[in-house]
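Each chain is listed here by its residues.
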Amino acid sequence: RDLKKSGYHLSFYYGGDIEFFNLKSYLISSGFENIVSDKHFGSEKSLSKWGVPDEYIFSRLYEDIIMTSDTPFFKTVFTLSNHEPYDKPGRSRYPGKDEQNRFFSSAFYTDSCLNDFITMFRKTDYWNQTLVILVADHGSRLPRSIDGNAHHDFSIPMLWLGGVIRKDTIISRFGSQTDLSKTLLNQLDMNVSKYRYSQDLYSGDGKGFAEYAFNDGFGFLTDSVKYIYDHQAKRIIPVEGKVNKEIIMYGKSFLQLTYRDFLAR
């Protein structure tokens, strides 16, 4: 909504059913003006359980960018091919029909589609004026699947690409998807006061943290401490660093505040 107020045209791309999980109403209330979903493709392209494979979505995205006017745009793509049951068109990159190999093959497929898009996009005049952000909506129990509650299974990457990036940089700081808002909008010199659950990953204050939730518990991570709270057992499971009452209270408070905020809306 803040980007829309600043003159950006908002578009959302997803190869599946846009009504799933109340997604359409969320997008409309958030200000998205153009929504592309499985209904915008022929039935012959609905080749997976979830809908239209990623290659067709990235192709449509590229075509729309080429046809875009000089209006600043904010386009969001939600991929689906690297999701259970990991079905995708064409030959599998990895042999075997077991779940792990199907996971690897679907990841290779989605990465290939993304690579093809980036390769083409870099050749356009838009590249030097565009920021491309890659981030996952959740982690994966594959390929490790050591412990369903371990932070490894919830770890996700965030990559910033595009011609506007001035130099290669690695940010070694814990964060999560909620931090994208403040980190991005600060770069645009926009007001971020309303993003109370967000932190600027570029701030360099050494106070990065992340929290993840699972059935009957949550995990809390900082640069020096990691722990899991098991609600069924009513106990803290230290993973790394010195876990004290203060850091435990941070984890509980964050979860309680977000739930309270959600229920009040």
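It should be noted that the structure appears before, not after, this text.
Q: In this structure, what is going on with the pairing of strand β8 (residues 226-230)? I would like to understand it.
A: A regular strand places its side chains so that they alternate between the two faces of the sheet. Taken across its five residues, β8 has five buried, putting it largely inside the fold. Taking every second residue as pointing to the same face, both faces of β8 are buried, with Lys-226, Ile-228 and Asp-230 on one and Tyr-227 and Tyr-229 on the other. Inspection of the sheet shows strand β7 (residues 217-222) paired to β8 by five bridges, in the antiparallel sense. In the sheet register, Gly-217 faces β8, and the bridge partner there is Asp-230. The antiparallel pairing of β7 with β8 creates a hairpin that spans three residues between the two strands. Summarising the sheet, β8 and strand β9 (residues 235-240) pair through five bridges and their orientation is antiparallel.

Q: What am I meant to see in the sheet that holds strand β2 (residues 34-36) here?
A: Within a sheet, adjacent strands bond to each other through the backbone by hydrogen bonds, running parallel or antiparallel. With parallel pairing, three strands are arranged side by side in an open sheet as β2-β1-β3. The open sheet terminates on both sides in strands that have one partner only, identified here as β2 and β3 (73-78). Between one strand axis and the next, the sheet turns through 10° on average, direction left out of account. In the sheet, strand β1 (residues 9-14) pairs with β2 via three bridges, with the strands oriented parallel. Each bridged residue has a counterpart across the sheet, and for Phe-12 the counterpart in β2 is Ile-35. Of the strands in this sheet, β1, β2 and β3 are in contact with helix α3 (residues 54-66), which crosses β3 at around 170°.

Q: Is there a simple way to think about unusual backbone geometry in this case?
A: Note: most residues except glycine have negative phi, and most peptide bonds are trans. A cis geometry characterises the amide bond from Glu-84 onward to Pro-85, with omega recorded as 10°. Mapped onto the elements of the fold, Pro-85 is located in the loop between β3 and α4 (99-121). Notably, Phe-21 is not glycine yet its phi reads approximately 60°, a positive angle. Structurally, the position occupied by Phe-21 is in the loop between β1 and α2 (23-29).

Q: Where do I start with the pattern of salt bridges in this structure?
A: Side chains that carry opposite charge are capable of pairing whenever their charged atoms lie near each other. With the rule as written, the count across this model stands at six salt bridges. Here Lys-39 makes a salt bridge to Asp-17, at a shortest N to O gap of 3.9 Å. Separated by 22 residues along the polypeptide, Lys-39 in the loop between β2 and α3 and Asp-17 in the loop between β1 and α2 bring together distant segments of the chain. Classification of Lys-39 by relative accessible area gives exposed; the value is 59%.

Rules behind the numbers
Residues numbered from 1 in each chain as written. Predicted model: local features only at pLDDT ≥ 70, side-chain atom pairs only at ≥ 80, totals over all residues. Heavy atoms only, no water. Buried < 20%, exposed > 50% of the residue type's maximum accessible area, 1.4 Å probe, protein only. Helix = DSSP H or I, 4+ residues; strand = E, 2+ residues; numbered from the N terminus. Pairing = 2+ DSSP bridges. Axes fitted to C-alpha atoms, helices over the stretch in contact; angles between N-to-C directions. Contact = heavy atoms within 4.5 Å. Salt bridge = Lys/Arg side-chain N within 4 Å of Asp/Glu carboxyl O.

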